2 protein chains.
Amino acid sequence: MATIASNIPAQSRIIIEDVQPEIDSGKFPVKRITGENFNVSCDLFADGHDVVSGRILYKKVSAKKWLEAPLNPVINDRWQGSFELSSRGEYEYTIEGWVDYALNWQHGIERKIKDNQHVNVELLDGIQYLERILKEVNKDDKDFLTNCIENFSDEEKYSVAVDYATSERLHIILHKNPKKDFKLTYERTLKILVERQKALFSSWYEFFPRSSGKNGEHGNFKTCLEVLPHVAKMGFDVLYFPPIHPIGEKHRKGKNNSVTANEGDPGSPWAIGSKDGGHDAIHSELGDLKDFKKLIDSANDLGIEIAMDLALQCAPDHPWVKEHPEWFKWRPDGSVQYAENPPKKYQDILPIYFETEDWKNLWNEILRIVLYWNKQGIKIFRVDNPHTKPFRFWEWLIKEAQKKDPDLIFLAEAFTRPKIMHELAKCGFTQSYTYFTWRNSKHELTEYINEIAHSTSREFFRPNFWPNTPDINPYFLQDGNEWAFYIRYFLAATLSSNYGMYGPVFEFIVHKPIFGKEEYLDSEKYEVKSWDWSNMTNLKRLITQLNGIRKHEKALQDTFNCRVCDTTNDQIFAYYKSDAEANNHLLMIVSLDPYQMQAGRVKTPIGEILQNGGYGLQMQDLITGQSFQWYDEWNYVEIGQPKLPFHLFRMTKL
Amino acid sequence: MATIASNIPAQSRIIIEDVQPEIDSGKFPVKRITGENFNVSCDLFADGHDVVSGRILYKKVSAKKWLEAPLNPVINDRWQGSFELSSRGEYEYTIEGWVDYALNWQHGIERKIKDNQHVNVELLDGIQYLERILKEVNKDDKDFLTNCIENFSDEEKYSVAVDYATSERLHIILHKNPKKDFKLTYERTLKILVERQKALFSSWYEFFPRSSGKNGEHGNFKTCLEVLPHVAKMGFDVLYFPPIHPIGEKHRKGKNNSVTANEGDPGSPWAIGSKDGGHDAIHSELGDLKDFKKLIDSANDLGIEIAMDLALQCAPDHPWVKEHPEWFKWRPDGSVQYAENPPKKYQDILPIYFETEDWKNLWNEILRIVLYWNKQGIKIFRVDNPHTKPFRFWEWLIKEAQKKDPDLIFLAEAFTRPKIMHELAKCGFTQSYTYFTWRNSKHELTEYINEIAHSTSREFFRPNFWPNTPDINPYFLQDGNEWAFYIRYFLAATLSSNYGMYGPVFEFIVHKPIFGKEEYLDSEKYEVKSWDWSNMTNLKRLITQLNGIRKHEKALQDTFNCRVCDTTNDQIFAYYKSDAEANNHLLMIVSLDPYQMQAGRVKTPIGEILQNGGYGLQMQDLITGQSFQWYDEWNYVEIGQPKLPFHLFRMTKL
């Protein structure tokens with residue numbers, strides 16, 4: 001007769017709903033890093049007025065035994081609990097709830113006594129709840145319960161019995177030993193992907209290894225060794241290289257993306273593959289595998305991990321075109337359509353045909369390549385245009401790769417529509433490029449930060465903020481105003497715990513665009529450059545200092561803790577971050593105007609910091625070293641030319 | 001190797017997410033009434049830039065064949081479509097999506113032509129898409145496609161071929177005949193419960209049938225016949241009676257809820273069951289089954305349905321106590337604890353023990369009772385305290401009962417915590433009592449209406465607004481100010497399409513409370529009353545008029561169309577309703593102050609009504625007949641003592 005699921009007793013009265021976090025009915029895991037405290041909340045209630053209880057059940061997916069964490073009521077039938085994510089890998093969690101008949105009996109006695117009712121029948125009634133846990137408790141508790149039972153059944157000991165019945169000790173014993181009659185377990189088991197700290201806190205630097213040489217000579221992994229100390233000194237911990245594979249010769253691009261290359265033009269590194277090999281080979285002018293491994297090791301010694309580019313596309317002379325013609329989509333004239341993203345055309349690049357019937361071999365070959373480079377010491381991949389390959393492929397690839405090495409990090413270079421970016425994150429990408437590059441006004445920044453830090457996407461989408469990339473020379477930076485570079489750098493490095501920049505173009509204030517476009521003139525994508533890496537600019541000093549501050553100030557090692565503060569001037573943008581333990585409080589105030597000083601008032605979260613006492617705030621600017629004392633909620637600032645366009649205040653109690 | 005579900009091709013690139021409406025991952029059906037247009041929206045996209053398509057699939061659950069409704073893109077990868085719910089019963093729906101390779105081919109040609117590219121290879125490439133639908137189209141279309149194919153392959157006819165390839169006609173043919181390669185169907189099938197119009201639009205009147213007599217005599221179904229015309233004249237279409245079953249004699253309550261009844265005290269009708277029978281019997285002083293059926297028929301003749309009370313509880317002398325002792329929870333002293341809802345005590349009522357091992361027989365017996373009364377002609381039940389019985393029981397009972405008679409309506413009398421009220425609605429209750437009774441200020445009403453009409457609960461929770469009930473004599477009405485009654489009545493009848501009142505207490509402005517409580521002094525719950533039903537009060541005139549207006553003005557036959565309007569005075573509350581076809585526009589303006597006139601400005605939705613032309617609004621007050629012409633967004637009103645405290649404007653274009 002029953003519509004009741006067979007595993008739930010028909011008498012079950014408990015309801016568990018709206019478990020948070022839960023992404024798409026549990027289809028995708030929530031993302032966290034090791035050491036974090038994981039908060040779970042849910043609606044938990046039963047019909048009527050009985051006392052209900054619930055617990056979180058959780059474990060590593062690989063473990064057999066479920067662990068328990070308490071759930072406590074918050075308000076309005078909402079319950080909350082938490083547990084620590086102590087190690088990397090997949091966790092799972094769910095909720096169980098039940099009407100707690102024993103606690104309900106005790107609660108009922110208390111209410112009747114308050115109402116001046118005689119409870120002798122209730123005392124007798126309670127004996128059953130005590131008797132059935134007698135065998136499960138320790139000796140002390142057993143003695144206590146036996147004592148209770150004796151008193152409950154002896155009418156002459158009524159007043160002692162009432163004391164026992166309503167005692168805190170009995171409450172604790174009952175609470176600790178629930179019988180869970182007709183208990184209900186939430187219908188879904190939800191997953192958490194716990195990754196290493198770098199998934200959430202990383203400072204990326206990108207340069208073209210072929211531009212590490214001197215006097216216009218083609219650089220290589222050996223000359224890169226000389227650049228490493230400069231990168232390390234600036235404080236970066238991820239060094240990302242554009243593709244290092246053989247560059248195609250067919251339809252090679254010339255300078256400034258011209259469709260015909262001149263003799264000696266090196267071509268775009270993203271046109272991968274030539275007679276010298278494909279995605280598992282190294283461009284011979286950069287060196288060989290031994291050189292590359294040495295570079296990886298030297299970087300590691302300096303606290304830097306090398307990130308490779310995973311660009312799943314082929315130059316027309318990539319070996320796959322002949323070896324696996326079924327991996328490309330051939331047209332009636334025997335050609336393959338080159339890659340396009342109108343109005344952009346990539347004549348030097350063929351897309352891979354993921355709808356091929358031979359998809360299994362294709363997927364396996366790509367996994368093989370990822371694991372091959374991982375074996376050489378690579379743990380981070382920046383993935384080129386992942387949004388032009390199927391989501392289900394990424395879900396599979398990342399999962400399989402992380403099975404072999406859970407330290408693997410994948411950064412999605414997907415400047416595309418919001419839902420697609422989110423889907424890639426759901427499929428497993430550790431980090432993602434964002435729209436930050438085009439968010440300049442206070443309104444835009446506020447809206448974007450609120451979306452990133454306080455909407456559902458915070459559970460799976462980890463942003464990585466870049467003020468520039470080889471593909472994007474933003475309009476805001478194109479006139480070369482140094483303050484504009486300060487502003488965009490400061491925003492990237494303090495709004496987002498993951499950020500990156502493309503250098504040395506950035507710190508050297510290279511800014512000339514192709515007219516009317518957000519592209520660099522004479523881009524390194526198509527030519528070899530040489531740089532004076534030892535040149536110490538003011539911007540480079542700021543980068544060095546701020547990367548140092550990021551390492552010390554825990555509040556900067558998270559993005560989802562960012563809260564925008566009101567200001568009285570639309571050119572002044574302010575935001576507040578504090579760490580999970582509430583020991584480290586930072587207030588960032590930025591002028592968005594690179595041309596002149598801006599003044600206004602900032603609403604400071606003084607109440608929050610002083611909630612446990614204190615009469616004011618010591619404001620220490622970690623950049624300038626200056627100190628101020630603030631006593632009010634609204635405080636006046638002047639920032640921008642000729643002074644620095646920001647404050648980075650550490651706030652402590654006075 | 002694959003993590004891909006076996007029924008989805010690995011090459012599938014489509015994503016379908018966030019389908020709306022969907023309640024708790026599809027666990028519960030969405031509720032609608034017959035004739036409504038059902039809107040569905042979802043995220044639908046694929047990787048890359050290819051053209052995607054999607055459709056809604058829907059059908060009656062009982063039908064075999066799926067029907068299709070188009071989905072159209074709205075913005076940002078959100079798609080929307082709709083279909084009509086033409087008949088009562090359960091519908092189901094889901095979404096399917098695919099990359100449309102044929103349309104994508106056509107779109108690609110158009111873009112290349114815009115970019116001045118030669119498309120002869122693309123024309124050849126397109127032949128495959130046309131050939132594979134040749135057999136599926138009608139003769140005209142087939143001729144057209146054949147023509148296309150001939151031209152595409154003939155280089156000399158390039159310009160004609162391009163015209164064919166980019167033609168609207170080809171677009172329509174391709175769009176109508178999709179091949180759906182690697183299509184994806186959304187992982188869940190979602191349900192809609194479609195009920196009759198009365199589920200959403202009903203006007204309830206409650207009175208005690210025993211108070212239908214004259215001169216203090218116990219009324220009965222025959223004297224009720226004389227009251228019917230008064231109820232009909234006022235315009236109500238549901239007449240709800242408190243329980244009509246034998247009233248228990250053991251522990252019967254006396255006047256004003258005293259614990260001992262005097263000789264002749266009739267007791268509370270909610271103390272159900274005596275030696276004369278239980279839930280399937282009729283209290284003998286009211287008459288017999290024949291009388292009751294005659295009353296049902298006479299009511300039907302006047303357009304009124306009789307609603308019975310389903311109160312699942314027993315007087316101590318209910319036959320079940322002896323016949324089914326296992327349906328009650330016995331205490332060690334051989335007693336059953338009477339019902340309590342602290343501080344309220346119901347010494348005359350025993351709760352049913354739903355955790356009994358004999359639950360199957362208990363559930364079946366209750367279903368039998370519901371179907372028994374249904375067989376006598378009852379189609380509406382007002383359920384007493386459903387929140388003290390298990391949710392899964394209600395889910396089962398309502399479903400089983402509606403299987404026999406899909407016209408059945410269940411109103412939940414659950415004045416309890418919000419999540420519990422929502423859960424009962426999810427479990428199938430057609431309508432629910434609400435917190436309206438205690439929402440008096442503009443802020444409270446605004447918040448509550450926004451929750452009811454514009455949060456997720458609108459998909460399953462149908463409110464029924466009551467200004468009073470036999471249990472609740474609200475503080476707002478206790479001083480007997482006539483304007484207070486006008487205000488609360490007007491709000492109930494115009495905010496919610498389902499509303500009810502307890503009369504004739506209400507229209508006769510009976511207001512005396514038990515001191516300090518929201519209860520009626522000398523309540524009809526414990527004594528027989530007599531009323532002069534022919535007494536025509538001003539309030540009764542208003543009720544008659546407004547119930548008439550509700551029948552004519554379609555905008556008042558829905559609740560979820562209610563939108564609160566800004567006003568400049570916190571004592572003036574205004575709201576706007578229009579029907580689905582946007583033919584009927586109403587603006588309600590209410591003073592919340594029963595004591596004096598209030599004045600202020602109201603923000604009128606003039607832009608919305610005049611969006612297709614017109615230069616002003618004709619405002620016709622449907623209560624007073626007065627007319628005004630408004631040309632501005634903000635308009636001045638004066639309402640309240642000594643004038644009526646509201647306007648009910650029908651707005652038409654000037």
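Everything that follows concerns the structure shown earlier in this document.
Note that this is a predicted model, so its numbers are computed, not measured. (Residues numbered from 1 in each chain as written. Chains lettered and ligands numbered in written order. Predicted model: local features only at pLDDT ≥ 70, side-chain atom pairs only at ≥ 80, totals over all residues. Heavy atoms only, no water.)

## A short note on the interface of chain A and chain B
Item 1. Taken together, the contacts link 68 residues of chain A with 68 residues of chain B.
Item 2. Surface buried jointly by chain A and chain B totals about 5900 Å² across both partners, of which 53% is contributed by carbon and sulfur atoms.
Item 3. Inspection of the chain A/chain B interface yields 16 salt bridges.
Item 4. Seen at the junction of chain A and chain B, the total is 31 residue pairs in polar contact (both at pLDDT 80 or more).
Item 5. Those elements that place two or more of their residues in the side of chain A that touches chain B are strand S1 (14-20), strand S3 (37-46), helix H1 (101-114), helix H2 (120-131), strand S15 (339-341), helix H9 (359-375), helix H10 (391-404) and helix H11 (418-426) of chain A.
Item 6. Within the side of chain A that touches chain B, the residues separate by chemical class into 24 nonpolar, 14 polar and 30 charged. (Contact = heavy atoms within 4.5 Å. Buried area = accessible area lost by both parts, 1.4 Å probe. Salt bridge = Lys/Arg side-chain N within 4 Å of Asp/Glu carboxyl O. Polar contact = N/O pair within 3.5 Å; in protein donor to acceptor, adjacent residues only side chain to side chain. Helix = DSSP H or I, 4+ residues; strand = E, 2+ residues; numbered from the N terminus. Nonpolar A, V, L, I, M, F, W, Y, C, P; charged D, E, K, R; others polar.)

## Details of helix H5 (residues 168-176) of chain B
All names here are of chain B.
Item 1. Along H5, the positions that sit buried rather than exposed are Leu170, Ile173 and Leu174. Viewed along the axis of H5, the buried residues span an arc of 95°, placing them on a single side of the element. Summarising the geometry of H5, the exposed residues directed more than 90 degrees from the buried face are Glu168 and Lys176.
Item 2. Along its buried surface, H5 packs onto helix H1 (101-114), helix H2 (120-131), helix H3 (139-152) and helix H4 (158-165). (Buried < 20%, exposed > 50% of the residue type's maximum accessible area, 1.4 Å probe, protein only. Arc of directions from axis to C-beta.)

## What to know about the pattern of salt bridges
Residues and elements named next belong to chain A.
Item 1. Under the defined criterion, the tally for this structure stands at 98 salt bridges over all chains.
Item 2. Ionic pairing is found between arginine 132 and aspartate 181, a salt bridge with its closest N-O pair at 2.7 Å. Residue arginine 132 is located in the loop between H2 and helix H3 (139-152), and its partner aspartate 181 is located in the loop between helix H5 (168-176) and strand S9 (184-185); the two are separated by 49 residues in the primary sequence.
Item 3. What makes arginine 132 partly exposed here is its relative accessible area of 31%.
Item 4. In this structure aspartate 181 comes out as partly exposed when scored by relative accessible area, which is 22%.

## Notes on the packing of aromatic side chains
Item 1. Applying the stated rule across the entire model yields 87 aromatic pairs over all chains.
Item 2. The interplanar angle of 80° and the centroid separation of 5.3 Å between the aromatic rings of Phe207(A) and Phe241(A) together place this pair among those described as edge-to-face. Highlighted residues: Phe207(A) in the loop between strand S11 (202-206) and helix H6 (221-234) and Phe241(A) in the loop between strand S12 (238-240) and helix H7 (289-301), separated in sequence by 34 residues.
Item 3. Among the residues examined, Phe207(A) registers a relative accessible area of 1% and is labelled buried.
Item 4. For the ring pair Phe208(B) and Trp270(B), a centre distance of 6.1 Å and an interplane angle of 80° mean the geometry is edge-to-face. You can see Phe208(B) sitting in the loop between strand S11 (202-206) and helix H6 (221-234) and its partner Trp270(B) sitting in the loop between strand S12 (238-240) and helix H7 (289-301), a full 62 residues away along the chain.
Item 5. Here Phe208(B) falls in the buried class, since its relative accessible area comes to 2%.
Item 6. Taken together, the aromatic side chains of Tyr205(A), Phe207(A), Phe236(A), Phe241(A), Phe485(A), Tyr489(A), Tyr499(A), Phe506(A) and Trp533(A) make up a single cluster linked through ring pairs.
Item 7. Between Arg439(A) and the ring centre of Tyr448(A), over which it is positioned, the NZ or CZ distance is 5.4 Å. (Phe/Tyr/Trp six-rings, centres within 6.5 Å; stacked < 30°, edge-to-face > 60°. Lys NZ or Arg CZ within 6 Å of the ring centre and 35° of its normal.)

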